[in-house]
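Below are the chains, spelled out letter by letter.
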Amino acid sequence: GGTVAEAPAFPVTPPHATDAVPKNMMPSLDGVADDVAAVYADGCHHDVEQESVQDCVYGDPDGDVRIAVFGDSHAAQWLPAVEEYAGEDSGVSINSYTKSSCPAVSVTVLDKDVPYASCDRWRDAVLKTLIADPPALVIISSYSHYALVGADDDRARQQMWAAGVTETLSDLEETGAEVLVIADTPRFDAPPATCASANVLDVTKCAGARDEVFDGDMASIEADSVVDVGGDYVDLTDYICGATSCPVVVDNLFVYRDVNHLTTSFVRYLAPALHDPLDALLDTASESAP
């Protein structure tokens, strides 16, 4: 493989795509699947059966400012970036509420063709917890390709998703909490690491066409719903993809741990792009605090 400079301190657009697997790549191809957020090892990310409201704290456990990360595994993948922001003695604590295949958006997901009732019950319980004791900021991100109960086609699914975003965010906004929604990340048909293993000298063969792997229509519908209800929306796709292509290696970082999640190494690289929005939202929260 080739060698390449360390990733820049701040993510750049378009990202520096790397042609071959570099010798100093993080994670290595063998370690891609295990490059996950701490919630998995900590037992804080629920599987499809678990419904208790988690009591998992990251960042500064004694922090006076609270951030909640809420949603499915696509919310969980951003936790390392929020941890990076909070640091250990920043005065910012992070509560993590995530459950497999269970978005914070108020929709009923089909899991193996059956309504995912456990998800609805857990989401309601977490919302009650957040409403009873609101954090300064709630961060939400979701896989955006779920099959939904009652949605027979893409248009119906998009409308139902938009309505679900409005419902969840309205409930949270009423508490006075700030809400930040992060756009979903690209989705591939086959695991990028498998492709890269077979093409170590030319990983450009593994890149995804941006208009195929990133659902721009859904992102734009979601963004409109978020902003309409007074939330904030951040789309980091321009740091992940170029104008037409989404590479699988950026600088010395492998981007995807599977078909639709980013590696934690790459999420940490993206973290600085979240600092300004998080600063602004926490400033707003402190100004409006009683």
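Refer to the structure printed above.
All residue numbers refer to position in the chain's written sequence, counted from 1. At least 70 in pLDDT is required for a residue's local features to be given in this predicted model, at least 80 for side-chain atom pairs to be given and counted, and no such filter applies to totals for whole chains, interfaces and linings, which use all residues. Excluded from the side-chain calculations are hydrogens and water; all other atoms, namely the structure's heavy atoms, are used.

So, about the overall build of the protein. The secondary structure content of the protein amounts to 11 helices and 13 strands. Burial classes follow relative accessibility: with a 1.4 Å probe on protein chains only, a residue under 20% of its type's maximum area counts as buried, one over 50% as exposed, and anything between as partly exposed. Counting all 290 residues of the protein, 51% fall into the buried class. The contact criterion used is simple: two residues touch if any of their non-hydrogen atoms lie within 4.5 Å. For the protein, contacts bridging at least 24 residues in sequence account for 78% of all contacts bridging at least 6. To measure how exposed things are, a 1.4 Å probe is used in the Shrake-Rupley method; for residues, cover is taken only from the protein chains shown. As presented, the protein carries roughly 12400 Å² of accessible surface, and 49% of it is formed by carbon and sulfur atoms. Asp and Glu are treated as the negative residues and Lys and Arg as the positive ones, with His and the ends of the chain left uncounted. Charged side chains are reduced to one point each, which is NZ for Lys, CZ for Arg, CG for Asp and CD for Glu. Between the centroid of the 14 positive side chains of the protein and the centroid of its 50 negative side chains there is a distance of 7 Å. Secondary structure elements are defined from DSSP: runs of H or I of at least 4 residues count as helices, runs of E of at least 2 residues count as strands, and each element is numbered from the N terminus.

Chemically, a disulfide is nothing more than a covalent bond linking the sulfur atoms of two cysteines. Cysteine sulfur atoms are paired as a disulfide whenever they come within 2.5 Å of each other. Per the counting criterion, the structure on display carries 4 disulfides. The side chain of Cys 102 participates in a disulfide bridge whose partner is Cys 119; the two sulfur atoms lie 2.1 Å from each other. Here the S-S torsion is close to 85°, and the disulfide linking Cys 102 with Cys 119 is therefore right-handed. Of the two residues, Cys 102 sits in the loop between strand E4 (92-99) and strand E5 (110-111) while Cys 119 sits in helix H4 (residues 117-132), which places them 17 residues apart along the sequence. Given a relative accessible area of 0%, Cys 102 falls into the buried group.

This part is about the pattern of salt bridges. Opposite charge on two side chains permits pairing when their charged atoms draw close. Any Lys or Arg side-chain nitrogen located within 4 Å of an Asp or Glu carboxyl oxygen qualifies as a salt bridge. Across all of its chains, the model carries 7 salt bridges by this definition. For Asp 154, the salt bridge is made with Arg 157, and the minimal N-O distance between the two is 3.3 Å. Note that Asp 154 and Arg 157 are positioned in helix H5 (residues 154-173) at a spacing of 3 residues, about one turn of the helix. Judged by its relative accessible area of 48%, Asp 154 is partly exposed.

The next thing to look at is the nonpolar core. Judged by nonpolar contacts, the single largest core of 54 residues is most densely connected at Trp 78, Leu 262 and Phe 266. Judged by nonpolar contacts, the second largest core, of 34 residues, contains Cys 119, Trp 161, Phe 214 and Ala 223. Side-chain atoms within 4.5 Å link the members of a nonpolar core, which is a set of buried Ala, Val, Leu, Ile, Met, Phe, Trp, Tyr and Cys residues.

What follows covers the pairing of strand E3 (residues 65-71). The buried count for E3 comes to 5 of 7 residues, which makes it a mostly enclosed element. When DSSP finds at least two bridges between two strands, those strands are taken to pair. When E3 meets E4, the two strands line up parallel, connected through 7 bridges. What sits directly across from Gly 71, in E4, is Thr 98. Both E3 and strand E7 (residues 137-141) contribute to a ladder of 5 bridges, which runs parallel. Considered in E7, the bridge of Ala 68 is made with Val 138.

Looking now at the environment of Tyr 233. One can find Tyr 233 in strand E10 (residues 232-234). It is 5.9 Å that separates the C-alpha atoms of Tyr 233 and Ile 182, two residues lying 51 residues apart in sequence. Apart from residues no more than four positions distant in its own chain, Tyr 233 is found in contact with Leu 180, Val 181, Ala 183, Ala 219, Glu 222, Ala 223 and Val 226. Polar contacts, as used here, are pairs of N or O atoms within 3.5 Å; protein pairs need one atom able to donate a hydrogen and one able to accept it. Residues neighboring in sequence count only if both atoms are side-chain atoms. Here the side chain of Tyr 233 touches Ala 219 through a polar contact of 3.4 Å, landing on its backbone oxygen. Engagement of the side chain of Tyr 233 in a polar contact is seen with the side chain of Glu 222, the distance being 2.7 Å.

Side chains that are three or four residues apart share a direction in an α-helix, a result of its 3.6 residues per turn. Spanning 20 residues, H5 covers 28 Å between terminal C-alpha atoms, matching the ideal 28 Å at 1.5 Å per step. Buried residues of H5: Arg 157, Gln 158, Trp 161, Ala 162, Gly 164, Val 165, Thr 168, Leu 169 and Leu 172, and no others. Taken around the axis of H5, the buried residues stretch over an arc of 165°, which confines them to a single face. The inward-facing, buried residues of H5 contact H4, E7, strand E8 (178-182) and helix H8 (216-228). Where H5 starts, the residue carrying a side-chain oxygen 3.2 Å from the main-chain nitrogen of Arg 155 turns out to be Asp 153. To estimate how far a helix should reach, multiply one less than its number of residues by 1.5 Å. Each direction from the helix axis to a C-beta atom contributes to the arc, which is the arc of those directions.

With that out of the way, let us pick up unusual backbone geometry. The step from Thr 13 to Pro 14 runs through a cis peptide bond, and the omega angle for that step is -15°. Looking at the element boundaries, Pro 14 is found in the segment before helix H1 (38-41). Between Met 26 and the following residue, Pro 27, the backbone shows a cis peptide bond with an omega angle of -15°. Along the chain, Pro 27 falls in the segment before H1. We note that Ser 101 has phi near 55°; this positive angle belongs to a residue other than glycine. Secondary-structure assignment places Ser 101 in the loop between E4 and E5.

Relative to the elements of secondary structure, His 74 occurs in helix H2 (residues 73-76). Only 2.6 Å separates the side chain of His 74 from the side chain of Asp 184, close enough to count as a polar contact. At a separation of 2.9 Å, a polar atom in the side chain of His 74 contacts the side chain of Asn 260. When neighbours within four sequence positions are excluded, His 74 is seen to be in contact with Ser 141, Ser 142, Tyr 143, Asp 184, Thr 185, Asn 260 and His 261.

Geometric values such as these leave the question of function open.
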